[in-house]
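# Structural overview
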Amino acid sequence: MKWAALVVAAGRGTRAGQGVPKQYRRLGARPVLRWSLDAFAAAGANRILVAIHPDDRAAFAQAAAGMRGIELVHGGETRTATVRAGLDALAQGEAVDAVLIHDAARPGITGEVMARLLAALSDAEGAGPALPVADALKRADADGWVTEEPSRAKVWRIQTPQAFRFADIRAAYAQLDPMRAFDDDLAVARVFGLRTRLIEGAETLAKITFAGDHDMTARLLGVGPSPRVGVGFDAHRFGKGDHVTLCGVRIPHKKGLVGHSDADAAWHALTDAILGALGEGDIGDHFPPSDPKWAGADSEIFLAHALSLVRARGGALSHVDVTLICENPRVKPHREAMRRRTAEALGLALDAVSVKATTTEQLGFLGREEGLAAQAVATVLI
Ligand code: MG
């Protein structure tokens with residue numbers, strides 16, 4: 001039997017927290033959507049088609065990077081419209097006998113579930129994974145007053161993917177008002193008289209809907225955020241002046257540092273380290289020195305920008321380590337103040353911030369006190 005996977009990923013729901021649509025957040029080493037794409041590819045799907053929101057093309061390209069033959073369609077205004085667009089797209093090209101319609105917010109799909117679904121289509125026209133209900137059920141009014149106690153018997157929690165004979169489900173969707181809402185595709189099938197049945201689902205297929213679900217799913221699938229380490233380096237020349245700014249702390253000195261911004265080499269190296277952990281280029285890409293806007297700028301702006309990129313990816317900065325390299329000024333008396341300022345700027349605990357200093361034993365340009373350098377390492381969890 002030839003079968004296609006139709007992955008519904010057009011939602012922009014951010015109820016699950018963070019700015020990124022939940023299907024593009026990272027779960028372990030892969031975006032949530034990629035988990036499903038890999039599972040369908042491994043199970044031997046003849047075609048895999050993803051319905052996305054038109055604004056998410058770049059995020060989708062990143063999620064599907066390196067995979068061949070993944071097809072794409074733009075979703076509609078409602079889930080009903082999106083599934084219909086997907087089925088219409090699958091009607092073109094290589095013909096399939098069956099389709100598994102899957103919600104991208106359920107990354108924990110297994111080969112066993114897919115095999116059970118496809119087998120069920122030998123006598124059913126639609127099939128979906130289901131799990132028993134362990135909790136007691138109540139119906140209540142809008143104020144929370146219990147009005148009814150439905151029996152748990154014969155009641156099931158339904159998951160996706162849901163499997164259908166392709167021609168049947170396409171014909172059903174073709175007749176639907178695209179604005180009409182359904183809880184799932186089995187409900188659509190039943191409206192059109194298709195015989196649907198349940199097969200055994202899997203706890204790993206839990207849906208990421210609300211804040212906290214992402215972490216719960218990560219635990220179910222046995223994955224944690226991946227640590228990434230970035231490194232940065234910067235040097236600035238000494239010039240006229242009476243102080244230098246390092247890690248946001250003003251340190252009196254007989255010379256100043258020459259630079260387009262406030263020349264805080266330590267925070268520049270740190271900004272590059274964070275950008276490096278994200279693979280987001282370097283500080284010059286984000287704040288071109290040719291742009292007069294950054295003349296004399298407080299380097300906290302650069303650091304805050306790099307941190308905002310970490311958060312936009314749903315990640316967290318976990319630790320930074322800065323080494324200053326110079327003969328003078330002496331760093332040690334200011335080291336704790338520099339640590340505190342850096343911790344404050346990055347929202348980190350003090351013990352997650354290290355500031356160290358060394359000299360080059362009077363060797364080279366640093367030894368001759370022509371300038372000052374800094375290197376930094378940042379660990380980001382994504
Ligand atoms: Mg610099």
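About the cut-offs
Residues numbered from 1 in each chain as written. Predicted model: local features only at pLDDT ≥ 70, side-chain atom pairs only at ≥ 80, totals over all residues. Heavy atoms only, no water. Donors = N, O, S within 2.8 Å, 3.2 Å for Na, K, Ca; no water. Helix = DSSP H or I, 4+ residues; strand = E, 2+ residues; numbered from the N terminus. Buried < 20%, exposed > 50% of the residue type's maximum accessible area, 1.4 Å probe, protein only. Salt bridge = Lys/Arg side-chain N within 4 Å of Asp/Glu carboxyl O. Expected span 1.5 Å × (residues − 1). Polar contact = N/O pair within 3.5 Å; in protein donor to acceptor, adjacent residues only side chain to side chain. Contact = heavy atoms within 4.5 Å. Phe/Tyr/Trp six-rings, centres within 6.5 Å; stacked < 30°, edge-to-face > 60°. Disulfide = S-S within 2.5 Å. Pairing = 2+ DSSP bridges. Axes fitted to C-alpha atoms, helices over the stretch in contact; angles between N-to-C directions.

### Focus: the coordination of the magnesium ion
With distances of 2.1 to 2.2 Å, the protein atoms coordinating the magnesium ion are Asp-234 (OD), His-236 (NE2) and His-268 (ND1). Along the chain, the residues donating to the magnesium ion fall in the pattern D-x1-H-x31-H. Of this pair, Asp-234 sits in strand E13 (residues 227–239) while His-268 is found in helix H8 (residues 265–278), placing the two residues 34 residues apart along the sequence. Of the two residues, Asp-234 and His-268, neither departs from the other in class, the shared state being buried.

### Brief notes about the pattern of salt bridges
Under the counting rule described, the total for this entry stands at 17 salt bridges. Asp-321 is the salt-bridge partner of Lys-356, the closest N and O atoms lying 2.8 Å from each other. One end of the pair, Lys-356, is in strand E18 (residues 353–358); the other, Asp-321, is in strand E17 (residues 316–325), with 35 residues separating them in the sequence. Taking relative accessible area as the criterion, Lys-356 reaches 34% and is therefore assigned partly exposed. Between Glu-336 and Arg-339 there is a salt bridge, with the nearest N and O atoms lying 3.2 Å from each other. A residue pair is termed a helical-turn pair when its members lie 3 or 4 positions apart in one helix, as Glu-336 and Arg-339 do in helix H11 (residues 335–346) at 3 residues. Connected via shared salt-bridge partners are Arg-30, Arg-34 and Asp-38.

### So, H8
Its 14 residues place the ends of H8 20 Å apart at the C-alpha level, agreeing with the 20 Å of an ideal helix rising 1.5 Å per residue. For H8, the buried fraction is high: 13 of the 14 residues fall into the buried class. Phi turns positive, to about 70°, at Gly-279, one or two residues after H8.

### So, the side chain of Ser-36
On the secondary structure map, Ser-36 appears in helix H1 (residues 32–42). Residue classification places Ser-36 among the buried positions, given a relative accessible area of 0%. Polar side-chain contacts of Ser-36 include one of 3.2 Å to the side chain of His-102. Discounting residues that sit within four places of it in the chain, Ser-36 has contacts with His-102, Ala-104, Arg-106, Pro-107 and Ile-109.

### Details of the packing of aromatic side chains
In this description, an aromatic ring pair is defined by two values, namely the gap between the centres and the angle between the planes. Using the criterion set out here, one finds 4 aromatic pairs in the structure. Ring centres 4.5 Å apart and planes at 45° place the aromatic pair Phe-287 and Phe-302 in the tilted group. A residue pair is termed long-range when its members are at least 10 positions apart, and Phe-287 in the loop between helix H9 (283–286) and helix H10 (300–312) and Phe-302 in helix H10 qualify at 15 residues. Per residue, the accessibility class of Phe-287 equals that of Phe-302, and both read buried. Measuring from ring centre to ring centre gives 6.3 Å for Trp-294 and Phe-302, while their planes differ by 75°; the resulting arrangement is edge-to-face.

### Re the state of the cysteines
If you walk through the whole model with that rule in mind, you get 0 disulfides. As a non-bridged cysteine, Cys-247 has Cys-326 as the owner of its nearest cysteine sulfur, 11 Å distant. The exposure class of Cys-326 is buried, given its relative accessible area of 5%.

### Some thoughts on the sheet that holds E17
What the 5 strands build is an open sheet, ordered E16-E13-E19-E17-E18; its pairing is mixed. Of all strands in the sheet, those bounded by a partner on one side alone are strand E16 (256–258) and E18. Each strand axis lies, on average, 30° off the axis of its neighbour in the sheet, ignoring direction. Bridging between E17 and strand E19 (residues 371–381) involves 9 bridges; their strand directions are antiparallel. In the sheet register, His-319 faces E19, and the bridge partner there is Thr-379. Lying on the sheet, H11 is in contact with E17 and E18; it crosses E18 at an angle near 145°.

### Comments concerning the side chain of His-102
Tracing the backbone through its elements, the reader meets His-102 in strand E6 (residues 98–103). Exposure remark for His-102: the relative accessible area of 0% places this residue in the buried category. A polar contact is formed between the side chain of His-102 and the backbone oxygen of Arg-106, at a distance of 2.9 Å. Each residue touching His-102, except ones within four places of it in the same chain, is listed here: Leu-6, Val-7, Val-8, Ser-36, Phe-40, Ile-109, Thr-160, Pro-161 and Leu-205.

### Notes on unusual backbone geometry
The omega torsion of the bond from Thr-160 to Pro-161 falls at 5°, within 30 degrees of zero and hence cis. Its location among the elements puts Pro-161 in the loop between strand E10 (156–158) and strand E11 (162–165). Between Asn-328 and the following residue, Pro-329, the backbone shows a cis peptide bond with an omega angle of -5°. By secondary structure assignment, the location of Pro-329 is in the loop between E17 and H11.

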